[in-house]
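# Report on the structure
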Amino acid sequence: MGSCCQYDSTICFLENMLTAAPVSQGISKPHLDVEGGLRLSGEITVSGAKNSALVLMTAALLTQEAVNLENVPDLSDIEGMRKILTSLGVRVNRTNNSLTLKADKLFHCQPSYELVNGLRASFFCIGPLLSRLGKAQIPLPGGCRIGARPVDEHIKGLKALGALVNVEHGVVSAAMRGTNQRLKGNYLLLDCPSVGATETVLMAAVLAEGKTVIDNAAQEPEVQDLAQLLNTMGARIVGAGTKTISIEGVEKLHGCNYRVIPDRIEAGTFLVAAAITRSKLKVSPVVPEHLSAVLQKLKDTGCKLEIHNESITISPESIHAVDITTQPFPGFPTDLQAPFMALLCTAKGTSVVTEKVYENRMQHVAELQRMGAAIRIQGNTALIEGVPQLSAAPVVGSDLRAAAAMVLAGLAAKGTTRIEGLNHLDRGYEALEKKLNNVGTHIIRRAN
Ligand code: EPZ
(Lines give C-alpha, C1' and ligand atoms only; values in the text may rest on other atoms or scores of the structure.)
Protein backbone atom coordinates (compact mmCIF):
# COMPACT_ATOMS: atom_id res chain seq x y z
CA MET A 1 0.00 0.00 0.00
CA GLY A 2 2.93 2.27 0.65
CA SER A 3 3.29 2.29 -3.16
CA CYS A 4 0.44 4.83 -3.12
CA CYS A 5 2.79 7.24 -1.46
CA GLN A 6 5.41 9.25 -3.29
CA TYR A 7 7.07 10.09 0.02
CA ASP A 8 10.80 9.55 0.54
CA SER A 9 11.06 7.47 3.67
CA THR A 10 14.62 8.74 4.22
CA ILE A 11 13.28 12.24 4.85
CA CYS A 12 10.68 10.85 7.23
CA PHE A 13 13.38 8.88 9.06
CA LEU A 14 15.67 11.93 9.37
CA GLU A 15 12.77 14.07 10.63
CA ASN A 16 12.08 11.50 13.29
CA MET A 17 15.73 11.30 14.30
CA LEU A 18 15.72 15.08 14.80
CA THR A 19 12.49 15.12 16.77
CA ALA A 20 12.80 11.83 18.70
CA ALA A 21 12.79 12.73 22.38
CA PRO A 22 15.29 10.48 24.20
CA VAL A 23 14.04 9.49 27.61
CA SER A 24 17.26 10.52 29.35
CA GLN A 25 16.68 14.25 28.89
CA GLY A 26 16.47 14.61 32.64
CA ILE A 27 12.97 16.10 32.32
CA SER A 28 10.38 14.03 34.18
CA LYS A 29 7.36 13.29 32.00
CA PRO A 30 4.11 11.42 32.57
CA HIS A 31 4.87 7.75 32.24
CA LEU A 32 3.79 4.22 33.12
CA ASP A 33 5.83 1.92 35.35
CA VAL A 34 5.14 -1.59 34.11
CA GLU A 35 6.19 -4.53 36.30
CA GLY A 36 7.32 -7.50 34.24
CA GLY A 37 6.93 -11.22 34.80
CA LEU A 38 3.34 -11.32 36.08
CA ARG A 39 0.69 -13.68 34.72
CA LEU A 40 -2.73 -12.48 33.53
CA SER A 41 -6.00 -14.31 34.18
CA GLY A 42 -9.75 -13.81 33.87
CA GLU A 43 -11.64 -11.68 31.32
CA ILE A 44 -10.72 -8.32 29.81
CA THR A 45 -13.23 -5.92 28.23
CA VAL A 46 -12.84 -4.39 24.77
CA SER A 47 -14.17 -0.85 24.16
CA GLY A 48 -15.82 0.55 21.03
CA ALA A 49 -13.60 0.99 17.97
CA LYS A 50 -11.74 4.32 17.90
CA ASN A 51 -11.29 4.21 14.10
CA SER A 52 -15.00 3.61 13.63
CA ALA A 53 -16.37 6.03 16.24
CA LEU A 54 -14.32 8.92 14.80
CA VAL A 55 -15.76 8.61 11.30
CA LEU A 56 -19.28 7.82 12.56
CA MET A 57 -19.19 11.11 14.47
CA THR A 58 -18.54 13.01 11.24
CA ALA A 59 -21.41 11.16 9.51
CA ALA A 60 -23.79 12.97 11.91
CA LEU A 61 -23.04 16.11 9.84
CA LEU A 62 -25.12 14.57 7.03
CA THR A 63 -28.47 15.09 8.77
CA GLN A 64 -30.22 17.74 10.82
CA GLU A 65 -31.66 15.06 13.09
CA ALA A 66 -30.03 13.59 16.19
CA VAL A 67 -27.63 10.66 15.74
CA ASN A 68 -27.07 8.65 18.93
CA LEU A 69 -23.88 6.54 18.95
CA GLU A 70 -23.49 3.87 21.65
CA ASN A 71 -20.25 2.19 22.75
CA VAL A 72 -18.09 5.25 22.01
CA PRO A 73 -14.72 4.92 23.80
CA ASP A 74 -13.50 7.70 26.11
CA LEU A 75 -10.28 8.67 24.29
CA SER A 76 -8.41 11.90 23.60
CA ASP A 77 -9.01 11.45 19.84
CA ILE A 78 -12.77 11.27 20.45
CA GLU A 79 -12.57 14.43 22.58
CA GLY A 80 -10.59 16.09 19.79
CA MET A 81 -13.28 15.21 17.25
CA ARG A 82 -16.00 16.45 19.65
CA LYS A 83 -14.24 19.85 19.80
CA ILE A 84 -13.94 20.03 16.01
CA LEU A 85 -17.63 19.22 15.43
CA THR A 86 -18.72 21.62 18.18
CA SER A 87 -16.69 24.39 16.49
CA LEU A 88 -18.73 23.76 13.33
CA GLY A 89 -22.01 24.14 15.22
CA VAL A 90 -22.79 20.51 16.05
CA ARG A 91 -24.28 19.85 19.50
CA VAL A 92 -22.45 16.87 21.04
CA ASN A 93 -23.53 15.40 24.38
CA ARG A 94 -21.96 12.40 26.11
CA THR A 95 -23.93 10.20 28.51
CA ASN A 96 -21.68 7.39 29.80
CA ASN A 97 -20.39 5.73 26.64
CA SER A 98 -23.03 7.17 24.31
CA LEU A 99 -22.71 10.34 22.25
CA THR A 100 -25.68 12.24 20.85
CA LEU A 101 -24.83 14.53 17.95
CA LYS A 102 -27.19 17.06 16.38
CA ALA A 103 -26.05 19.07 13.35
CA ASP A 104 -29.23 21.07 12.77
CA LYS A 105 -27.44 24.41 12.91
CA LEU A 106 -24.07 24.38 11.16
CA PHE A 107 -22.46 27.79 11.22
CA HIS A 108 -19.01 27.00 9.89
CA CYS A 109 -17.49 25.03 7.07
CA GLN A 110 -13.91 25.33 8.29
CA PRO A 111 -12.62 23.94 11.61
CA SER A 112 -9.66 25.84 13.01
CA TYR A 113 -6.12 24.61 12.32
CA GLU A 114 -5.38 24.35 16.05
CA LEU A 115 -8.24 21.88 16.47
CA VAL A 116 -7.48 19.90 13.32
CA ASN A 117 -3.71 19.66 13.68
CA GLY A 118 -2.75 16.25 15.11
CA LEU A 119 -6.10 14.57 14.46
CA ARG A 120 -5.95 13.06 10.99
CA ALA A 121 -9.55 11.85 11.28
CA SER A 122 -10.67 15.51 11.19
CA PHE A 123 -10.30 15.29 7.42
CA PHE A 124 -13.36 13.01 7.38
CA CYS A 125 -15.47 16.18 7.81
CA ILE A 126 -14.81 17.31 4.24
CA GLY A 127 -17.26 14.95 2.50
CA PRO A 128 -20.27 15.54 4.79
CA LEU A 129 -19.70 19.32 4.97
CA LEU A 130 -19.53 19.52 1.18
CA SER A 131 -22.75 17.50 0.89
CA ARG A 132 -24.58 19.55 3.54
CA LEU A 133 -23.28 23.10 2.92
CA GLY A 134 -22.03 22.89 -0.66
CA LYS A 135 -18.54 23.84 0.50
CA ALA A 136 -15.87 22.79 2.97
CA GLN A 137 -12.43 24.03 3.95
CA ILE A 138 -10.33 21.60 5.95
CA PRO A 139 -6.69 22.19 6.86
CA LEU A 140 -4.45 19.48 5.41
CA PRO A 141 -3.84 16.83 8.07
CA GLY A 142 -0.12 16.79 8.67
CA GLY A 143 2.03 13.76 8.08
CA CYS A 144 3.07 11.91 11.19
CA ARG A 145 5.83 9.68 12.45
CA ILE A 146 4.60 6.66 10.55
CA GLY A 147 4.40 8.34 7.18
CA ALA A 148 3.37 11.24 4.95
CA ARG A 149 -0.33 10.32 5.11
CA PRO A 150 -1.33 12.19 1.89
CA VAL A 151 -5.00 12.81 1.03
CA ASP A 152 -4.67 12.73 -2.77
CA GLU A 153 -7.11 9.82 -3.05
CA HIS A 154 -9.70 11.70 -0.98
CA ILE A 155 -9.34 14.71 -3.31
CA LYS A 156 -9.52 12.51 -6.43
CA GLY A 157 -12.77 11.03 -5.13
CA LEU A 158 -14.41 14.39 -4.43
CA LYS A 159 -13.39 15.69 -7.87
CA ALA A 160 -14.87 12.54 -9.48
CA LEU A 161 -18.22 13.47 -7.86
CA GLY A 162 -18.06 16.91 -9.48
CA ALA A 163 -16.60 19.02 -6.68
CA LEU A 164 -14.14 21.84 -7.29
CA VAL A 165 -11.18 21.08 -5.01
CA ASN A 166 -7.97 23.01 -4.53
CA VAL A 167 -5.19 23.09 -1.97
CA GLU A 168 -3.76 26.44 -0.96
CA HIS A 169 -1.82 27.58 2.08
CA GLY A 170 -2.27 24.16 3.70
CA VAL A 171 -6.06 24.19 3.38
CA VAL A 172 -8.12 21.87 1.17
CA SER A 173 -11.11 23.82 -0.19
CA ALA A 174 -13.96 21.92 -1.80
CA ALA A 175 -17.09 23.44 -3.36
CA MET A 176 -19.95 22.53 -5.64
CA ARG A 177 -19.59 23.65 -9.24
CA GLY A 178 -21.77 26.63 -10.18
CA THR A 179 -25.16 26.73 -8.51
CA ASN A 180 -25.39 22.94 -8.17
CA GLN A 181 -26.41 21.99 -4.70
CA ARG A 182 -25.72 18.28 -5.17
CA LEU A 183 -22.69 16.23 -6.17
CA LYS A 184 -23.10 13.86 -9.12
CA GLY A 185 -22.65 10.10 -8.78
CA ASN A 186 -19.74 8.61 -10.74
CA TYR A 187 -17.45 5.60 -11.13
CA LEU A 188 -14.21 5.89 -9.13
CA LEU A 189 -11.18 3.57 -9.10
CA LEU A 190 -8.93 4.19 -6.09
CA ASP A 191 -5.17 3.80 -6.69
CA CYS A 192 -4.95 2.10 -3.30
CA PRO A 193 -7.64 0.72 -0.97
CA SER A 194 -7.39 3.74 1.34
CA VAL A 195 -9.66 3.46 4.42
CA GLY A 196 -10.03 7.21 4.77
CA ALA A 197 -10.56 7.91 1.08
CA THR A 198 -13.22 5.19 0.86
CA GLU A 199 -14.98 6.75 3.86
CA THR A 200 -14.74 10.28 2.45
CA VAL A 201 -16.26 9.22 -0.87
CA LEU A 202 -18.97 7.17 0.86
CA MET A 203 -20.08 10.22 2.85
CA ALA A 204 -19.95 12.48 -0.21
CA ALA A 205 -21.86 10.02 -2.41
CA VAL A 206 -24.81 9.23 -0.14
CA LEU A 207 -26.50 12.59 -0.88
CA ALA A 208 -25.22 12.89 -4.47
CA GLU A 209 -27.51 12.69 -7.50
CA GLY A 210 -27.40 9.24 -9.08
CA LYS A 211 -25.16 6.21 -8.59
CA THR A 212 -21.56 6.06 -7.42
CA VAL A 213 -19.31 2.99 -7.65
CA ILE A 214 -16.08 2.88 -5.63
CA ASP A 215 -13.69 0.31 -7.09
CA ASN A 216 -10.62 -0.95 -5.20
CA ALA A 217 -12.42 0.21 -2.05
CA ALA A 218 -11.04 -0.48 1.43
CA GLN A 219 -12.73 -3.47 3.07
CA GLU A 220 -11.90 -2.73 6.72
CA PRO A 221 -14.60 -3.41 9.37
CA GLU A 222 -14.62 0.32 10.14
CA VAL A 223 -15.67 1.04 6.53
CA GLN A 224 -18.41 -1.57 6.90
CA ASP A 225 -19.52 0.04 10.18
CA LEU A 226 -19.79 3.45 8.48
CA ALA A 227 -21.84 2.00 5.60
CA GLN A 228 -24.09 0.26 8.13
CA LEU A 229 -24.66 3.53 10.01
CA LEU A 230 -25.35 5.44 6.78
CA ASN A 231 -27.87 2.80 5.65
CA THR A 232 -29.53 3.05 9.08
CA MET A 233 -29.80 6.79 8.38
CA GLY A 234 -31.56 6.06 5.06
CA ALA A 235 -28.68 5.73 2.62
CA ARG A 236 -28.60 3.06 -0.09
CA ILE A 237 -25.17 1.40 -0.02
CA VAL A 238 -24.35 -2.15 -1.11
CA GLY A 239 -21.02 -4.00 -1.18
CA ALA A 240 -19.31 -2.47 1.87
CA GLY A 241 -16.64 -4.93 2.99
CA THR A 242 -15.86 -5.91 -0.60
CA LYS A 243 -13.60 -4.19 -3.16
CA THR A 244 -16.59 -2.67 -4.96
CA ILE A 245 -19.13 -0.48 -3.18
CA SER A 246 -22.22 0.95 -4.91
CA ILE A 247 -24.14 3.94 -3.57
CA GLU A 248 -27.51 5.20 -4.88
CA GLY A 249 -27.73 8.86 -3.82
CA VAL A 250 -30.80 9.95 -1.80
CA GLU A 251 -32.26 13.39 -1.08
CA LYS A 252 -32.06 13.32 2.69
CA LEU A 253 -30.82 11.27 5.63
CA HIS A 254 -32.47 10.97 9.05
CA GLY A 255 -31.21 10.48 12.58
CA CYS A 256 -30.90 7.09 14.30
CA ASN A 257 -29.46 5.05 17.15
CA TYR A 258 -26.35 3.06 16.35
CA ARG A 259 -23.83 0.91 18.27
CA VAL A 260 -20.13 1.15 17.39
CA ILE A 261 -18.34 -2.15 16.70
CA PRO A 262 -15.78 -3.45 19.23
CA ASP A 263 -12.19 -2.25 18.66
CA ARG A 264 -10.40 -5.07 16.82
CA ILE A 265 -6.99 -3.46 17.36
CA GLU A 266 -7.52 -3.17 21.12
CA ALA A 267 -8.76 -6.79 21.15
CA GLY A 268 -5.66 -7.90 19.23
CA THR A 269 -3.45 -5.97 21.65
CA PHE A 270 -5.03 -7.82 24.61
CA LEU A 271 -4.58 -11.19 22.89
CA VAL A 272 -0.89 -10.40 22.45
CA ALA A 273 -0.68 -9.33 26.11
CA ALA A 274 -1.85 -12.83 27.04
CA ALA A 275 0.53 -14.50 24.58
CA ILE A 276 3.61 -12.52 25.65
CA THR A 277 2.98 -13.32 29.34
CA ARG A 278 2.07 -16.93 28.50
CA SER A 279 -1.31 -16.41 30.25
CA LYS A 280 -4.78 -17.81 29.61
CA LEU A 281 -7.17 -14.87 29.06
CA LYS A 282 -10.71 -14.28 27.79
CA VAL A 283 -11.16 -11.20 25.56
CA SER A 284 -14.65 -9.80 24.85
CA PRO A 285 -16.63 -8.39 23.20
CA VAL A 286 -14.93 -9.13 19.91
CA VAL A 287 -16.02 -9.91 16.33
CA PRO A 288 -13.70 -12.84 15.44
CA GLU A 289 -13.97 -12.28 11.68
CA HIS A 290 -12.55 -8.77 12.20
CA LEU A 291 -9.31 -10.43 13.37
CA SER A 292 -8.97 -13.51 11.13
CA ALA A 293 -5.42 -12.79 9.97
CA VAL A 294 -4.26 -12.04 13.53
CA LEU A 295 -5.93 -15.14 14.97
CA GLN A 296 -4.25 -17.29 12.32
CA LYS A 297 -0.82 -15.86 13.20
CA LEU A 298 -1.44 -16.40 16.92
CA LYS A 299 -2.31 -20.03 16.16
CA ASP A 300 0.85 -20.30 14.03
CA THR A 301 2.93 -19.15 17.04
CA GLY A 302 1.44 -22.06 19.03
CA CYS A 303 -1.42 -20.38 20.92
CA LYS A 304 -4.64 -22.33 21.43
CA LEU A 305 -7.78 -20.24 20.76
CA GLU A 306 -11.38 -20.93 21.82
CA ILE A 307 -13.40 -18.75 19.43
CA HIS A 308 -17.03 -17.97 20.27
CA ASN A 309 -19.51 -15.51 18.72
CA GLU A 310 -18.44 -12.56 20.84
CA SER A 311 -15.36 -13.68 22.73
CA ILE A 312 -11.99 -15.33 22.30
CA THR A 313 -10.11 -17.25 24.99
CA ILE A 314 -6.40 -17.59 24.32
CA SER A 315 -4.17 -20.25 25.92
CA PRO A 316 -0.54 -19.78 24.86
CA GLU A 317 1.96 -22.61 25.15
CA SER A 318 5.48 -22.12 23.88
CA ILE A 319 5.61 -19.26 21.33
CA HIS A 320 7.27 -19.97 17.98
CA ALA A 321 8.54 -17.49 15.40
CA VAL A 322 6.23 -16.53 12.50
CA ASP A 323 6.55 -14.18 9.53
CA ILE A 324 4.20 -11.17 9.25
CA THR A 325 3.49 -8.88 6.29
CA THR A 326 1.01 -6.06 6.89
CA GLN A 327 -1.68 -5.59 4.26
CA PRO A 328 -5.05 -3.84 3.87
CA PHE A 329 -7.98 -5.83 5.35
CA PRO A 330 -8.46 -8.80 5.35
CA GLY A 331 -4.65 -9.04 5.55
CA PHE A 332 -2.64 -8.60 8.76
CA PRO A 333 -3.44 -5.09 10.11
CA THR A 334 -0.61 -2.55 10.17
CA ASP A 335 -1.93 -1.27 13.53
CA LEU A 336 -0.99 -4.58 15.17
CA GLN A 337 2.47 -4.83 13.58
CA ALA A 338 4.29 -3.18 16.51
CA PRO A 339 2.34 -5.02 19.27
CA PHE A 340 2.89 -8.35 17.51
CA MET A 341 6.58 -7.63 17.03
CA ALA A 342 6.93 -7.32 20.82
CA LEU A 343 5.62 -10.89 21.07
CA LEU A 344 8.01 -12.16 18.37
CA CYS A 345 10.96 -10.72 20.33
CA THR A 346 10.30 -13.49 22.89
CA ALA A 347 9.44 -16.29 20.42
CA LYS A 348 11.58 -19.35 19.72
CA GLY A 349 13.33 -18.85 16.38
CA THR A 350 13.64 -16.10 13.80
CA SER A 351 10.69 -14.03 12.53
CA VAL A 352 10.49 -11.65 9.58
CA VAL A 353 8.12 -8.65 9.86
CA THR A 354 7.46 -6.56 6.74
CA GLU A 355 5.49 -3.28 6.88
CA LYS A 356 3.76 -2.70 3.55
CA VAL A 357 1.13 -0.08 4.46
CA TYR A 358 3.22 2.80 5.83
CA GLU A 359 6.68 3.90 4.78
CA ASN A 360 8.05 4.55 8.26
CA ARG A 361 6.40 2.38 10.87
CA MET A 362 9.44 0.81 12.55
CA GLN A 363 10.10 3.44 15.27
CA HIS A 364 9.40 0.89 17.98
CA VAL A 365 12.36 -1.29 16.90
CA ALA A 366 15.00 0.95 18.54
CA GLU A 367 13.01 0.95 21.78
CA LEU A 368 12.59 -2.83 21.75
CA GLN A 369 16.35 -3.13 21.16
CA ARG A 370 16.91 -1.06 24.33
CA MET A 371 15.00 -3.83 26.12
CA GLY A 372 17.36 -6.50 24.78
CA ALA A 373 15.45 -7.50 21.64
CA ALA A 374 17.61 -8.89 18.84
CA ILE A 375 16.24 -7.13 15.75
CA ARG A 376 17.88 -6.12 12.49
CA ILE A 377 16.16 -3.76 10.05
CA GLN A 378 16.48 -3.62 6.28
CA GLY A 379 14.17 -0.86 4.92
CA ASN A 380 10.65 -1.80 6.01
CA THR A 381 11.60 -5.34 6.96
CA ALA A 382 12.71 -6.42 10.45
CA LEU A 383 14.50 -9.69 11.22
CA ILE A 384 13.73 -10.71 14.80
CA GLU A 385 15.79 -13.33 16.66
CA GLY A 386 13.73 -14.42 19.68
CA VAL A 387 15.47 -14.03 23.06
CA PRO A 388 14.68 -15.94 26.29
CA GLN A 389 13.78 -12.75 28.17
CA LEU A 390 13.60 -9.00 27.56
CA SER A 391 14.98 -6.64 30.21
CA ALA A 392 13.28 -3.57 31.62
CA ALA A 393 14.54 -0.17 30.37
CA PRO A 394 13.24 3.41 30.11
CA VAL A 395 11.53 3.60 26.68
CA VAL A 396 9.31 5.97 24.67
CA GLY A 397 6.27 5.09 22.59
CA SER A 398 6.63 7.29 19.50
CA ASP A 399 3.14 6.66 18.11
CA LEU A 400 -0.08 5.10 19.37
CA ARG A 401 0.68 1.48 18.47
CA ALA A 402 4.41 1.72 19.28
CA ALA A 403 3.44 2.86 22.79
CA ALA A 404 1.15 -0.18 23.11
CA ALA A 405 4.03 -2.41 21.98
CA MET A 406 6.21 -0.97 24.77
CA VAL A 407 3.56 -1.86 27.37
CA LEU A 408 3.40 -5.42 26.05
CA ALA A 409 7.20 -5.77 26.05
CA GLY A 410 7.25 -4.37 29.61
CA LEU A 411 4.82 -7.08 30.74
CA ALA A 412 7.34 -9.72 29.63
CA ALA A 413 10.56 -7.98 30.69
CA LYS A 414 12.65 -8.68 33.79
CA GLY A 415 12.20 -5.68 36.09
CA THR A 416 10.02 -2.55 35.87
CA THR A 417 9.86 -0.73 32.52
CA ARG A 418 9.30 3.04 32.43
CA ILE A 419 7.25 4.03 29.37
CA GLU A 420 6.82 7.62 28.15
CA GLY A 421 4.58 8.70 25.26
CA LEU A 422 1.27 8.50 27.13
CA ASN A 423 -0.10 11.29 24.92
CA HIS A 424 0.02 8.76 22.09
CA LEU A 425 -1.23 5.79 24.13
CA ASP A 426 -4.27 7.67 25.49
CA ARG A 427 -5.39 8.47 21.93
CA GLY A 428 -6.36 4.87 21.27
CA TYR A 429 -6.58 2.80 24.44
CA GLU A 430 -9.31 3.52 26.99
CA ALA A 431 -8.17 3.04 30.62
CA LEU A 432 -5.47 0.61 29.46
CA GLU A 433 -3.63 0.16 32.74
CA LYS A 434 -6.91 -0.17 34.68
CA LYS A 435 -8.14 -2.93 32.35
CA LEU A 436 -4.80 -4.79 32.47
CA ASN A 437 -4.44 -4.42 36.25
CA ASN A 438 -7.91 -5.97 36.58
CA VAL A 439 -6.50 -9.17 35.05
CA GLY A 440 -3.27 -9.36 37.02
CA THR A 441 -0.69 -6.83 35.84
CA HIS A 442 0.90 -4.17 38.05
CA ILE A 443 1.07 -0.93 36.06
CA ILE A 444 1.28 2.48 37.73
CA ARG A 445 0.65 5.75 35.91
CA ARG A 446 2.89 8.52 37.24
CA ALA A 447 2.52 12.24 36.51
CA ASN A 448 6.31 12.73 36.30
C1 EPZ B 1 -6.85 4.53 8.91
O2 EPZ B 1 -5.98 5.58 8.53
C3 EPZ B 1 -6.66 4.39 10.42
N4 EPZ B 1 -6.98 5.65 11.08
C5 EPZ B 1 -5.20 4.01 10.72
O6 EPZ B 1 -5.10 3.77 12.12
C7 EPZ B 1 -4.87 2.71 9.98
O8 EPZ B 1 -3.49 2.40 10.18
C9 EPZ B 1 -5.14 2.88 8.48
O10 EPZ B 1 -6.52 3.29 8.27
C11 EPZ B 1 -4.90 1.60 7.70
O12 EPZ B 1 -5.70 0.58 8.20
C13 EPZ B 1 -8.28 6.01 11.22
O14 EPZ B 1 -9.19 5.34 10.78
C15 EPZ B 1 -8.53 7.30 11.96
P16 EPZ B 1 -5.29 4.79 4.66
P17 EPZ B 1 -6.07 6.19 7.02
O18 EPZ B 1 -5.91 5.93 3.96
O19 EPZ B 1 -7.47 6.25 6.57
C20 EPZ B 1 -1.78 5.87 1.68
C21 EPZ B 1 -4.18 3.90 14.29
O22 EPZ B 1 -3.09 3.57 14.80
N23 EPZ B 1 -2.71 6.91 1.19
O24 EPZ B 1 -5.85 3.41 4.44
O25 EPZ B 1 -5.27 7.43 6.99
C26 EPZ B 1 -1.24 6.26 3.06
O27 EPZ B 1 -0.12 7.10 2.94
C28 EPZ B 1 -4.22 4.58 12.93
O29 EPZ B 1 -5.30 3.70 14.82
C30 EPZ B 1 -2.39 7.65 0.06
O31 EPZ B 1 -1.32 7.45 -0.52
O32 EPZ B 1 -5.29 5.05 6.22
C33 EPZ B 1 -0.85 4.92 3.65
O34 EPZ B 1 0.43 4.56 3.13
C35 EPZ B 1 -2.83 4.74 12.32
N36 EPZ B 1 -3.25 8.61 -0.37
C37 EPZ B 1 -1.90 3.99 3.08
O38 EPZ B 1 -2.46 4.65 1.93
C39 EPZ B 1 -4.44 8.87 0.28
O40 EPZ B 1 -5.20 9.77 -0.17
C41 EPZ B 1 -3.01 3.65 4.08
O42 EPZ B 1 -3.71 4.81 4.36
C43 EPZ B 1 -4.77 8.11 1.43
C44 EPZ B 1 -3.89 7.14 1.86
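Residues numbered from 1 in each chain as written. Predicted model: local features only at pLDDT ≥ 70, side-chain atom pairs only at ≥ 80, totals over all residues. Heavy atoms only, no water.

## Observations regarding the sheet that holds strand E19 (residues 374–378)
If you trace the four strands from one edge of the open sheet to the other, you get E17-E18-E20-E19, paired in mixed fashion. The outermost strands of the open sheet, each flanked by one partner alone, are strand E17 (324–325) and E19. In this fold helix H11 (residues 337–344) packs onto E17, strand E18 (350–354), E19 and strand E20 (381–385), with an angle of close to 170 degrees to the strand it touches most, E18. (Pairing = 2+ DSSP bridges. Helix = DSSP H or I, 4+ residues; strand = E, 2+ residues; numbered from the N terminus. Contact = heavy atoms within 4.5 Å. Axes fitted to C-alpha atoms, helices over the stretch in contact; angles between N-to-C directions.)

## Some details on the site of the ligand
Around the ligand sit 23 residues in total, of which Arg120, Asp152, Ser194, Asp335 and Val357 are the nearest. Note that an oxygen atom of the ligand is positioned 2.8 Å from one of the backbone N or O atoms of Val195. Between the ligand and Asp335, the relevant distance is 2.7 Å, taken from an oxygen atom to a side-chain nitrogen or oxygen of the residue. Expressed as a share of its isolated accessible area of 820 Å², the protein-covered part of the ligand is 94%. Examining the composition of the shell around the ligand, we find that three residues originate from one element, helix H6 (residues 152–160), more than from any other. Here the shell around the ligand is composed, by residue class, of ten nonpolar, five polar and eight charged. (Near = heavy atom within 4 Å. Polar contact = N/O pair within 3.5 Å; in protein donor to acceptor, adjacent residues only side chain to side chain. Areas by Shrake-Rupley, 256 points an atom, 1.4 Å probe, with all protein chains shown as cover. Nonpolar A, V, L, I, M, F, W, Y, C, P; charged D, E, K, R; others polar.)

## What about the packing of aromatic side chains?
Inspection of the entire model under this criterion finds one aromatic pair. Judged by centre distance (5.4 Å) and plane angle (85 degrees), the rings of Phe332 and Phe340 are edge-to-face. Relative accessible area serves as the criterion here: at 5%, Phe332 is assigned to the buried category. Among the residues examined, Phe340 registers a relative accessible area of 1% and is labelled buried. (Phe/Tyr/Trp six-rings, centres within 6.5 Å; stacked < 30°, edge-to-face > 60°. Buried < 20%, exposed > 50% of the residue type's maximum accessible area, 1.4 Å probe, protein only.)

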